[in-house]
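# Analysis of the macromolecular model
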Amino acid sequence: MNFHAGGIAASMGFMGMAFLSAQSGDLLPPRWFEQVAATDGSVQKSWVFQSAPGVGYRIESSQDLLHWETLEEIYGLGHQQVVPLVEIAPAPPPEPGDPPPEQAPTRHVSLMIAPEAPPATGTVVSWPSLASGAPMTARIPQALHPDWSSMPLFADHDGDYFFLIFHLPSPQEAPAGGAPLAPEDEAMIEAFQDHLPEMNDAVANSVATARAAPPPPPPSPGGRKFLRLVADWNLDSDADGSPDWAEFTLLLDPAHPQHLLGSPFVGDADGDGVADGEQLDSDNDSIPDAEDAAPRNPLIRWRKSPLSVYAVFELPLGDLQLPWVPDEGPVKIDHAGRVMFRTKVWDRGDIIDFGGDTRLLAMNDRGMIVGDAWFEDADTGITPHLGWWATPRATVQELKHGDTAAKGTFVLKSGSAGFGSALSEDGKIIVRTQKKIETGEGHAYPYLWVDEDKTVIWDLEPENPSAPPFVPAPDFGIYIHDSGAIWGNRLFEIETYLTGLGTGSEHLGDLEAAYKKLVGVGGGDSETTLVLTAGPGPPRARISGQWETISELEDIRDISSDGTGIEDSHLIWRNRLVHYLPELAPGLDPGEWNAASFLDIAGSGALLAALPSPGSPGEFSKVASAIPIRVDDDVFATGVDDVSATARPEEQRQGGRIWIMAPAGGSPPNASVVHVPTAPGTSLSLEVGNAGIQPDSLSEDETEVNWSSDATASSDQRVEISFGDTDSLSTPIGVKAIKRRTVKLHFWHIAQNHGLEGRVNPEHTFTPTEIGEYLDDLYGKQVNAFWDVNVSGATQPIPVNWDVATGADFQQPDAPKPAPGNGSLDSNGRDIGTEQNKILTSAGTDADVDINAYLVGGADEIADWQVRNGTLGAGGSYRGFAHPDSRTIWLSGNMGLSKRELLNTLAHEIGHVMMGGGHPNQGGGPAPLAGTRYSDRLMFSDPFHRGPARRRLLVKGEWDAIDAWLVGRGK
């Protein structure tokens, strides 16, 4: 089983004492220390925790708290898990003639079992694959003892396996088919099947247990051991968008209106063609689980942020020539990645110096700046006031109207100007005012400025320039948001007050650090208003007119409008997972940049990152602006892979990049939409080897970009990104150039010929244009492969008496099935079977094409017959089947499928010819991508012949496999 590196962590150590800590308190399982009698008779001082169904756990061990080794991975089903620490009493010595002592099992296996639906009497078993973590379901012939009805949880071991069993009392349908089991799963199921009679006896004799306490392993060398538990609440075995724990919750609640959708191992439990996660709302926040940023937390009620990767630009600290004291460091980053220091601004490759007498105090996401500046006035001489710049490159303007001006250094009383919303996005700021008064005789100037005891909201861009640009503000006001909300502290108080969102002024609480930022997260119908602190303490969310504390986000210091948060611990929070910057900025050195701290985040998600200077607190050795980039298909599944980068196993993530297919050889370019936050007058440049990018300079937040290549062979290249002369340290986008190919397909219509009984034609017939247009639209736009289609038998299907197989054709002459006339096209795994050979012999095959496909009339299924445990049985029932070695495809002609479903099945089986066997949702094929949503993928396997209709997507690993197959065909 695989776990995401950003899982929620808890730690425990044992050195004669123990400690326990966590990042998110309620996500830790109940746990305690206990003396436990192990099954070998020894007594072990143990750490026991209560697992939650559908949560993954990894137990790790360390001797120095720096290097950790995985001891065990467990898929939680609700059992108590025992972790032996110290032997208190040894196992008693064996008596003469006793069998040798049991050895500790080497693998925990989590199984959900249920009685098979009547009239059958077997057992249906589901589990996360031991090979891939994908959901697996199988039927075994043995029945469960009736006493299982009162045994929801059970634990037992046999040989190498420790079985953790979740019993579901409601009968389940046996799987209609599916891919052959991986060797690890095959061996485990055989062991479970062999051991089930003993487990039935244990249940019947009331000696079953729900505690996992196997024989302890041999003691580890060394005198101390630390243990750490990592819990992953994000497991989604069936990739339907709803986490496993949520589906178990529904499974255990028959009264819940969505109870029937509670199946962690089936992605479309009700068979309506819509993934369960698109219908489930586990936390009742009106956002389906598949779209929810945190499906188990009703207070985090915004939608998932899409995948963004970062271009990282190191700022030239030597050119900035700043004294490295904290007060002169980087202060703020805006929407477009421009960074404000106290006297200078890095403007995407250029350094703008505001002069030593100017002190910059606040910048909003639009790049508007407010700061102390000096202004000359004939009445008062040179005087310091607040000034403002519409952009970093604009001319300063004085905050003055008539005889009233904004007082300088207004924000110093509140600490860091960079964190708070001192300057709203619509150009409003809360300031103290000064008044110009006459001085009288004896002064150099007739007037001078004096402080007023007034707090006002000053509008930098008033609609009526002749009217006063300010209105009174509450006396506690420091910060203002463009929603109209105002908040801050009263003098000598740390309590925070807020007005503008509710009725009157609200007291937000007595805190160690005042609330300093208000953010609208999510946007649209799911926008949530958050207030965040500048120090320790969780943010609060405005929910139904009330402020609610979000404990899960207690480590988040700031958050963007799309829900990307930054933590104190060098981590980025997104959709309930945490990442170091290099995980989201491919090509960035993790050995260096995993230590990056985040000083600020803009509403766009742009990050201000800094590496601490060793031995110099408050100073930085490097500072960088990280710009988020997102790439979308202009039409779904037309040559952009932003899925692989989100896979859990690092080796499957294709370098963590977003990949784009660039057609070569004169094919029309591939269009995609690139999202990057920009500012007027600046642009981000893209360049890559022999690929053509139009436009290659991005000056809008959203730009349609056409990708092409003049390459004569396929190649992978990284897109180089720059601002002027500053190159990105990371390369978050990759381009795969694929030359245009033509693939030849011969499509045969076959009728079942019963002789005197007549013929059964396929339910549909197809023209070359219908097939070619569908395949061109799918394969042409994703791998630049276009189709030359020939059709036979469309007007009059070719008659073949093909339904003739018996058990003898599978070396099982006594087997009652298959039988002639059973309506099933009987296949023999990867080998061409008797019935298929009959069709090939009678109808023919085209040796001049790349693939032959046969639509078989009279076939209401394709059955894959296999011998298991000496018995011949159908290993699967399919709408289509491929033989990669012979490059043939077989389609059920009378299964009740629509023409579009048959075309999609044809495209899927073509994928098998090109890429071999295996399906991503079963851990197979060239790109399993565990932890991603499988149902959009062309190679998604749906053994129940139902599911979402968007199954078209090919990803980078599949592009590579198809390209290699085409090269092998001499194309």
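Thresholds, definitions, all that
Residues numbered from 1 in each chain as written. Predicted model: local features only at pLDDT ≥ 70, side-chain atom pairs only at ≥ 80, totals over all residues. Heavy atoms only, no water. Helix = DSSP H or I, 4+ residues; strand = E, 2+ residues; numbered from the N terminus. Buried < 20%, exposed > 50% of the residue type's maximum accessible area, 1.4 Å probe, protein only. Contact = heavy atoms within 4.5 Å. pLDDT = per-residue confidence, 0-100. Core = buried A, V, L, I, M, F, W, Y, C linked by side-chain atoms within 4.5 Å. Pairing = 2+ DSSP bridges. Axes fitted to C-alpha atoms, helices over the stretch in contact; angles between N-to-C directions. Bend = angle between axes of the 7 residues up to and from the residue. Parallel < 35°, antiparallel > 145°, perpendicular 65-115°, else oblique. Left-handed = near helix turned anticlockwise from the far one by under 90°. Phe/Tyr/Trp six-rings, centres within 6.5 Å; stacked < 30°, edge-to-face > 60°. Lys NZ or Arg CZ within 6 Å of the ring centre and 35° of its normal. Salt bridge = Lys/Arg side-chain N within 4 Å of Asp/Glu carboxyl O.

### Digging into the overall build of the chain
- What the chain contains, in helices and strands, is nine helices and 64 strands.
- The burial tally for the chain puts 56% of its 971 residues in the buried class.
- Counting contacts in the chain only where the partners sit at least 6 residues apart, residues at least 24 apart contribute 61% of the total.

### Remarks on helix H2 (residues 244-251)
- Counting buried positions over the eight residues of H2 gives seven, a clear majority of the element.
- Buried within H2 we find Asp-244, Trp-245, Ala-246, Glu-247, Phe-248, Leu-250 and Leu-251.
- Buried-residue contacts for H2 involve strand E6 (69-75), strand E8 (107-115) and strand E12 (161-167).

### A few points about the confidence of the model for the chain
- Taken residue by residue, the chain gives an average pLDDT of 82. The fraction at 70 or more is 85%.
- Here strand E2 (residues 20-22) is the element of the chain with the lowest mean pLDDT, 32, and strand E60 (residues 851-856) is the one with the highest, 98.
- This stretch, residues 1-26, has a pLDDT under 50; its non-local contacts, to residues over four places away or in other chains, come to 83 contacts.
- pLDDT under 50 marks residues 509-513. Its contacts with residues more than four places away, or in other chains, come to nine contacts.

### A word on the nonpolar core
- Grouped together as the largest cluster of nonpolar side chains are 40 residues, with contacts concentrated most on Ile-771, Leu-775, Tyr-779, Trp-787, Leu-906 and Met-914.
- Secondary structure elements with two or more residues in this core: strand E45 (658-664), strand E55 (741-753), helix H6 (768-783), strand E57 (785-792), E60, strand E64 (888-892), helix H8 (899-915) and helix H9 (956-968).
- By residue number, the principal contributor to this core is H8, which donates eight residues.
- Ala-602, Leu-608, Ile-629 and Leu-684 belong to the second-largest nonpolar core, a separate cluster that totals 39 residues.

### Description of the environment of Ser-170
- For Ser-170, the position within the fold is in the loop between E12 and helix H1 (183-204).
- Each C-alpha atom, one on Ser-170 and one on Ser-149, is 9.2 Å from the other, the two residues being 21 residues apart in sequence.
- Here Ser-170 is in contact with Ala-114 and Pro-115, once residues within four sequence places are set aside.

### Quick look at the sheet that holds strand E40 (residues 577-579)
- Pairing is antiparallel across the open sheet formed by four strands, whose spatial order is E37-E38-E39-E40. Taken across any chain shown, the strands that pair with only one partner, and hence form the sheet edges, are strand E37 (556-559) and E40. Taken over all neighbouring pairs, the strand axes of this sheet differ in orientation by 30° on average, direction set aside.
- Pairing geometry for strand E39 (residues 572-574) and E40, over three bridges, is antiparallel. The residue of E40 that forms the bridge with Trp-573 is Val-578.

### Considerations on H6
- The largest bend along H6 measures about 35° and falls at Asp-776.
- Regarding H6, the residues found buried are Ile-771, Gly-772, Tyr-774, Leu-775, Leu-778, Tyr-779, Gly-780, Gln-782 and Val-783.

### Structural notes on the packing of H6 against H8
- Contact pair H6 / H8: the axes reach a minimum separation of 11 Å and the direction vectors enclose 60°. With respect to H8, the axis of H6 lies oblique. In this structure, H6 crosses over H8, and the sense of that crossing is right-handed. In this structure, H6 uses Glu-770, Ile-771, Tyr-774, Leu-775, Leu-778 and Tyr-779 to contact H8, whose residues at the interface are Lys-899, Arg-900, Leu-903, Asn-904, Leu-906, Ala-907, Ile-910, Gly-911 and Met-914.

### Let's talk about the sheet that holds E8
- Taken in spatial order, the five strands line up as E10-E9-E8-E12-E11 in an open sheet, and their pairing is mixed. Edge positions in the sheet fall to strand E10 (135-140) and strand E11 (153-158), since each of these pairs with one other strand and no more. Pairwise comparison of adjacent strand axes, ignoring direction, gives a mean angle of 25° for this sheet.
- Each of E8, strand E9 (123-128), E10, E11 and E12 touches H1; the most contacted strand, E12, lies at about 65° to it.

### Quick word on the packing of H8 against H9
- One way to put it is that H8 packs onto H9 with a least axis distance of 8 Å and a crossing angle of 65°. In terms of orientation, H8 and H9 fall into the roughly perpendicular class. Contact residues: H8 offers Val-913, Met-914 and Met-915, while H9 offers Glu-958, Ala-961, Ile-962, Trp-965 and Leu-966.

### Concerning the packing of aromatic side chains
- Tallied over the full model, the rule gives 17 aromatic pairs.
- Residues Trp-47 and Phe-49 carry aromatic rings whose centres are separated by 6.0 Å and whose planes lie at 50° to one another, so their mutual orientation is tilted. Here the two residues Trp-47 and Phe-49 agree in accessibility, since each one is buried.
- Measuring from ring centre to ring centre gives 5.3 Å for Trp-148 and Phe-154, while their planes differ by 70°; the resulting arrangement is edge-to-face. Per residue, the accessibility class of Trp-148 equals that of Phe-154, and both read buried.
- Members of the aromatic cluster, joined through ring pairs, are Tyr-75, Phe-166, Phe-248 and Phe-265.
- Its guanidinium or amino end placed over the ring of Tyr-447, Lys-436 lies 5.4 Å from that ring's centre, counting from NZ or CZ.
- Its end group placed over the ring of Phe-786, Arg-740 keeps NZ or CZ at 4.0 Å from the ring centre.

### Let's talk about the pattern of salt bridges
- All chains considered together, the criterion is met by 29 salt bridges.
- The closest approach of N and O atoms between Glu-116 and Arg-139, which form a salt bridge, is 2.6 Å. Separated by 23 residues along the polypeptide, Glu-116 in the loop between E8 and E9 and Arg-139 in strand E10 bring together distant segments of the chain.
- Classification of Glu-116 by relative accessible area gives buried; the value is 11%.

### So, unusual backbone geometry
- At the junction of Pro-118 and Pro-119, the peptide bond is cis and its omega measures out at 10° in the coordinates.
- Considering the arrangement of structural elements, one finds Pro-119 in the loop between E8 and E9.
- Residue Pro-695 is bonded to the preceding Gln-694 through a cis peptide linkage, with omega at -5°.
- By the element assignment, Pro-695 lies in the loop between strand E48 (691-694) and strand E49 (697-698).
- Despite not being glycine, Arg-348 shows a phi value in the positive range, around 50°.
- The residue Arg-348 is located in the loop between strand E18 (344-347) and strand E19 (350-353) in this model.
- Residue Arg-348 is classed as buried on the basis of its relative accessible area, which comes to 5%.
- The phi dihedral of Asn-784 falls on the positive side, at around 60°, and the residue is not glycine.
- Accessibility expressed as a relative area gives 1% for Asn-784, which makes it buried.

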